[in-house]
Structure formats: structure tokens, C-alpha cells
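# Examination of the molecular architecture
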Amino acid sequence: MKVKIANNAGFCFGVKRAMNMAWHELEERENGIYALGPLIHNKQAVSKYEDRGLKTVNELNDIPSNESVIIRSHGVGEDIYIQSKNKGINVIDTTCPFVKKIHSIAKEYSAKGYKIIVIGDKDHPEVIGINGWCNEDAIIIKTLDEIDQLNLDANEKYCLVSQTTINLDLYNSIVEKLSERLNDIVFKNTICSATKERQFSAKELSKEVDCMIVIGGKHSSNTQKLVNICRGIVPTFAVETKDELDINELKKFNIIGVTAGASTPDWIITEVINFIESI
Ligand code: SF4
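Residues numbered from 1 in each chain as written. Predicted model: local features only at pLDDT ≥ 70, side-chain atom pairs only at ≥ 80, totals over all residues. Heavy atoms only, no water.

As recorded in an unreviewed UniProt entry, the protein chain goes by 4-hydroxy-3-methylbut-2-enyl diphosphate reductase and comes from Romboutsia faecis. As its UniProt record puts it under Sequence similarities (unreviewed entry), the protein chain is described as follows: "Belongs to the IspH family." Entered under Function (unreviewed entry) in the UniProt record, the comment concerning the protein chain runs "Catalyzes the conversion of 1-hydroxy-2-methyl-2-(E)-butenyl 4-diphosphate (HMBPP) into a mixture of isopentenyl diphosphate (IPP) and dimethylallyl diphosphate (DMAPP). Acts in the terminal step of the DOXP/MEP pathway for isoprenoid precursor biosynthesis." (UniProt positions renumbered as here; feature names shortened; annotations may be inferred.)

Across its full length, the protein chain carries 11 helices and 12 strands. Overall size of the protein chain, expressed as C-alpha extent along the three principal axes, is 65 × 50 × 25 Å. Counted over contacts in the protein chain with a minimum sequence separation of 6, partners at least 24 positions apart contribute 69%. About 13,900 Å² of surface is accessible on the protein chain, with carbon and sulfur atoms providing 46% of the total. Taking the average location of the 33 positive side-chain charges in the protein chain and that of its 39 negative ones, the two points are 3 Å from each other. (Helix = DSSP H or I, 4+ residues; strand = E, 2+ residues; numbered from the N terminus. Contact = heavy atoms within 4.5 Å. Areas by Shrake-Rupley, 256 points an atom, 1.4 Å probe, with all protein chains shown as cover. Lys, Arg positive; Asp, Glu negative; His and termini not counted. Charge placed at Lys NZ, Arg CZ, Asp CG, Glu CD.)

On the UniProt side, "binding site: isopentenyl diphosphate" (unreviewed entry) is annotated at positions that read His41, His74, His124, Ser220, Ser221, Asn222 and Ser263 here. Locating histidine 74 in the fold gives a position in the loop between β4 (68-71) and α3 (78-87). Of the residues examined, histidine 74 reaches a relative accessible area of 21% and is grouped as partly exposed. Contact partners of histidine 74, with chain neighbours within four places excluded, come to Thr95, Val99, His124, Pro125 and Glu126. You can see serine 220 is positioned in the loop between β10 (211-215) and α9 (221-231). Beyond its immediate sequence surroundings of up to four residues, serine 220 is in contact with His41 and Ser263. (Buried < 20%, exposed > 50% of the residue type's maximum accessible area, 1.4 Å probe, protein only.)

What the 4 strands build is an open sheet, ordered β3-β2-β4-β5; its pairing is parallel. Both outer strands of the open sheet, β3 (54-57) and β5 (90-93), are each paired with one neighbouring strand and no more. On average, each strand axis in the sheet is tilted by 30° relative to the strand beside it, whichever way the strands run. Pairing of strand β2 (residues 33-36) with β4, which is carried by 2 bridges, proceeds in the parallel orientation. Across the sheet, the residue bridging to alanine 35 is isoleucine 70, located in β4. (Pairing = 2+ DSSP bridges. Axes fitted to C-alpha atoms, helices over the stretch in contact; angles between N-to-C directions.)

Along the chain, arginine 72 turns up in the loop between β4 and α3. The charged side chain of arginine 72 is buried without a salt bridge, its nearest counter-charge being aspartate 93 at 10 Å. Within polar-contact distance, the side chain of arginine 72 engages the backbone oxygen of leucine 36 at 3.5 Å. (Salt bridge = Lys/Arg side-chain N within 4 Å of Asp/Glu carboxyl O. Polar contact = N/O pair within 3.5 Å; in protein donor to acceptor, adjacent residues only side chain to side chain.)

A complete count under the given rule lists 5 aromatic pairs for this structure. Judged by centre distance (5.7 Å) and plane angle (55°), the rings of phenylalanine 13 and phenylalanine 98 are tilted. Separated by 85 residues along the polypeptide, phenylalanine 13 in helix α1 (residues 13-28) and phenylalanine 98 in helix α4 (residues 97-111) bring together distant segments of the chain. Residue class for phenylalanine 13 comes out partly exposed when judged on its relative accessible area of 48%. Note on phenylalanine 237 and phenylalanine 253: the rings are 6.1 Å apart at their centroids and 70° apart in plane angle, and the pair reads as edge-to-face. Of this pair, phenylalanine 237 sits in strand β11 (residues 236-239) while phenylalanine 253 sits in the loop between α10 (247-250) and β12 (255-260), placing them 16 residues apart in sequence. Judged by its relative accessible area of 15%, phenylalanine 253 is buried. A cation over an aromatic ring shows up here: lysine 48 above the ring of tryptophan 23, its NZ or CZ 5.4 Å from the ring centre. (Phe/Tyr/Trp six-rings, centres within 6.5 Å; stacked < 30°, edge-to-face > 60°. Lys NZ or Arg CZ within 6 Å of the ring centre and 35° of its normal.)

We now examine the site of the ligand. Around the ligand, the neighbouring residues are Cys12, Gly14, Cys96, Phe98, Thr164 and Cys192. Split into classes, the residues belonging to the shell around the ligand amount to 4 nonpolar, 2 polar and no charged. (Near = heavy atom within 4 Å. Nonpolar A, V, L, I, M, F, W, Y, C, P; charged D, E, K, R; others polar.)

Moving on, we get to α3. Because an α-helix packs 3.6 residues into every turn, residues spaced three or four apart end up facing the same way. By the burial criterion, the buried members of α3 are Ile80, Tyr81 and Ser84. An end-on view of α3 places all buried positions within 100° of arc, on one side of the element. Residues of α3 that are buried make contact with β2, β4, β5 and α4. Positive backbone phi, approximately 75°, marks glycine 88, located one or two places after α3. (Arc of directions from axis to C-beta.)

What follows is the structure, encoded as C-alpha cells:
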């Protein structure tokens, strides 16, 4: 049995940076730190951090004054920084720099009188955070067709940004349609290539192997996308850890491909690879 690993698998740059920063801070403190929302969509990794003292809360109000809070890689709106300061809460900001860039664009253009349009999922924490840098006043769209429902003023100024994980084709088609409807619009392509690279590598590897194993959280949307891509090409097993692998099933295949979602830590990937190689 041979194992092949996708070129881009597991933590992206932003998640790796955030997780390293959080771990470093936890090691520095004895009493632990709070995180505003789950650090990542991987319960094994979160529980490892919780064992070291991480306390996950959903509201800033759940954190006592003089404590520290980790802002995760998705980022948050400006009000969280203001409220933290007012409450005397120390902010450990692990927001991905690519997301930070969108925050500055939203703030800058909103201050200049531009209406911000965000392509993305209105319920995604990243989009909620972006909206929090332009007075919670952004127009949020997820599909091309939604543009027809918008009440746009051709004489107003607009600035378009996107959630980092959206599809480039969708971005381009929205740019084309908005250019036809509006006279003054600034387009900022804020898509991050990490997701696309992961999907491309998974697809290419699926063509070279007899089956694929996709490692990642059951609730991680980028992991589920990888599963769907691989499943369209070869038999694919979606697992969170090595314990979910079925040895008898795997024995039917000679070359096994492995990939992992952007929130899967290296140690879980290594465990899976070692396990397959030991069969
Ligand atoms: S997917 Fe891109 S934008 Fe999101 S955390 Fe990773 S590197 Fe940053």
C-alpha cells in the first residue's frame, strides 16, 4: 500500500499563524485565556488547547475585566476592540493579515462615503467581522442573481470586497454585472488563494490514486468541499482522525491519497499517514 499526500493539505498560512500565536500565549500564562468563538473547526485541536487553559466563550460579556481574549483568524468587527478596551480586556489578535486587509479597505472606503458591497455568506464570522468595519451597513450578496433584487443608486459610490474563500468565477461575474449597473465602483479582489490551491491539489491527486482520505472536521465547510471534489473522481473516505478508518475497506486499494481541510492540524494528518503505512 502506497500513500500520497496532496501538495497543499491542512492548515493554511492564516490558521497556522493564529494557532501558533494562541499556543504561545497559552504557554506564557498559568490561568489560561479566553477565545471569542471556537478557535477553529476541529474539535481535537480545540480540546488540546482547552486542556492547556483555553476557555471558549461566545460573548465578550462572558469575559471578566483584566483577562485576555484571543480574536481568531476570521477576525471581528471594530466594536469588539472598542468594547474590550473599555472593559480592560487585553486583546490577542490572531486575525489573518488577509482578512485585516479587508477590514482596512471597508473602513477606509466607508469613511470616504462609499457604500461597501461584500460577496459572501452573511452568517459567516468573517463577513460579520467585515461588516463591523463599515458601520454594519454593508450590502452582502452571495449569488449573482441577488444583484437584481438590490436597490442600487447609479450615482452613489460603491466599493466591492469579497469573503476570502469565495470562488473567483463568481467574483468576476459579479464585477461584470455591477460594472454595467453602476458608474462609480471600486473593485477589490480580496480572495485568498489558499482554499483554491487546496481544492486544486486534492483534485489532481485524486486522479493519481485508487482512493482518497480527506481528514477534517465534520462541520468544516472547506473540508466538505474537498470531500465532494475527491468523491467525484475516486472512492473517498471522510474522517476526523485515524480512529475512523476502516482497515478492511482500505486494504482493497493500492495507492491511497491523503488530503486535509484548512483547519486540520499536522499531528492528526501524520497519525493517519503512519496508521495507513502500518497496515
Ligand atoms: S484561508 Fe486565507 S484568508 Fe483565510 S485564514 Fe487561511 S490564509 Fe487567511
